[in-house]
Amino acid sequence: MANSLTLLDEALRIGERELEALKNGDMDVADEAAVERERLISEAWAIRTGDIEDELRQKLLKMQNVQLLLTDELKKLHASLKSQLLASKKKSSGYRGYQKSVTRPGVSISNCLDRQG
């Protein structure tokens, strides 16, 4: 059975893999890594012992740094997605405006015939 420190070391490695997956846009791998990382941290916390308290604290501080990096990367992805959605909405709105401005040939011809006839 693994001890808390070993589990946290593994959680750190998985956190780094999760960060790399986020940077590469691989959300499936990032999601799986996040779930596994959470499981390992919970398990490490559940089996912690008082004799390794200082080492455990150091590992948790490293984990906190990884979490900050993950949060920053997720904020970047969120901002990117938001700008893409806004651009798509703007483009869609422009297409609707263009569609409204284009006259239908049948309506145009009948309007001309009514005026001339």
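Residues numbered from 1 in each chain as written. Predicted model: local features only at pLDDT ≥ 70, side-chain atom pairs only at ≥ 80, totals over all residues. Heavy atoms only, no water.

Identification of the chain as Flagellar protein FliT from Halodesulfovibrio marinisediminis DSM 17456 is taken from an unreviewed UniProt entry.

Attention shifts here to the packing of helix H1 (residues 4–23) against helix H2 (residues 27–46). Interaxial distance between H1 and H2 falls to 8 Å at its minimum, and their mutual angle equals 165 degrees. Judged on the interaxial angle alone, H2 and H1 are roughly antiparallel. In terms of crossing hand, the pair formed by H1 and H2 is left-handed. Each of Ser4, Leu7, Leu8, Glu10, Ala11, Ile14, Gly15, Arg17, Glu18, Ala21 and Leu22 in H1 lies in contact with H2, whose residues at this interface are Met27, Val29, Ala30, Ala33, Ala34, Glu36, Arg37, Leu40, Ile41, Glu43 and Ala44. Partitioning the contact of H1 with H2 into residue classes produces 14 nonpolar, two polar and six charged. (Axes fitted to C-alpha atoms, helices over the stretch in contact; angles between N-to-C directions. Helix = DSSP H or I, 4+ residues; strand = E, 2+ residues; numbered from the N terminus. Parallel < 35°, antiparallel > 145°, perpendicular 65-115°, else oblique. Left-handed = near helix turned anticlockwise from the far one by under 90°. Contact = heavy atoms within 4.5 Å. Nonpolar A, V, L, I, M, F, W, Y, C, P; charged D, E, K, R; others polar.)

Our focus in this paragraph is H1. Between its first and last C-alpha, H1 extends 28 Å over 20 residues, near the 28 Å set by a 1.5 Å rise per residue. Within H1 the residues assigned to the buried category are Ser4, Leu5, Leu7, Leu8, Ala11, Leu12, Ile14, Gly15, Glu18, Leu19, Ala21 and Leu22. Between the side-chain oxygen at the start of H1 and the backbone nitrogen of Leu5 there is a gap of 3.1 Å, and the oxygen is on Asn3. Positive phi shows up at Gly25, right after H1, with a value of about 80 degrees. (Expected span 1.5 Å × (residues − 1). Buried < 20%, exposed > 50% of the residue type's maximum accessible area, 1.4 Å probe, protein only. Polar contact = N/O pair within 3.5 Å; in protein donor to acceptor, adjacent residues only side chain to side chain.)

A surface patch of negative charge is lined by Asp26, Asp28, Asp31 and Glu32. Among the structural elements, Asp31 can be located in helix H2. (Patch = residues over 30% accessible without salt bridge, like charges linked within 9 Å, V, L, I, M, F, W, Y side chains within 5 Å. Areas by Shrake-Rupley, 256 points an atom, 1.4 Å probe, with all protein chains shown as cover. Salt bridge = Lys/Arg side-chain N within 4 Å of Asp/Glu carboxyl O. Lys, Arg positive; Asp, Glu negative; His and termini not counted. Charge placed at Lys NZ, Arg CZ, Asp CG, Glu CD.)

Right, let's get into the nonpolar core. Within the largest apolar cluster, 18 residues are counted, with the highest numbers of intra-cluster contacts made by Leu40 and Leu70. Those elements that provide at least two residues to this core are H1, H2 and helix H3 (53–101). A total of nine residues in this core trace back to one element, the largest contributor, which is H1. Apart from residues no more than four positions distant in its own chain, Leu70 is found in contact with Gly15, Glu18, Leu19, Leu22 and Arg37. (Core = buried A, V, L, I, M, F, W, Y, C linked by side-chain atoms within 4.5 Å.)

Under the criterion given, the structure shown has seven salt bridges. Residue Glu18 pairs with Arg37 through a salt bridge whose shortest N-O separation is 2.7 Å. Residue Glu18 is located in helix H1, and its partner Arg37 is located in helix H2; the two are separated by 19 residues in the primary sequence. Across the pair, exposure class does not vary: Glu18 and Arg37 are buried alike. In this structure, Arg39 engages Glu43 in a salt bridge whose closest nitrogen and oxygen atoms are separated by 2.8 Å. Within this pair, Arg39 and its partner Glu43 are both found in helix H2, separated by four residues, close to a single helical turn. The exposure class assigned to Arg39 is partly exposed, which follows from its relative accessible area of 40%. For Glu43, a relative accessible area of 30% gives the class partly exposed. Among the ionic contacts, a cluster of salt bridges with common partners joins Glu36, Arg39 and Glu43.

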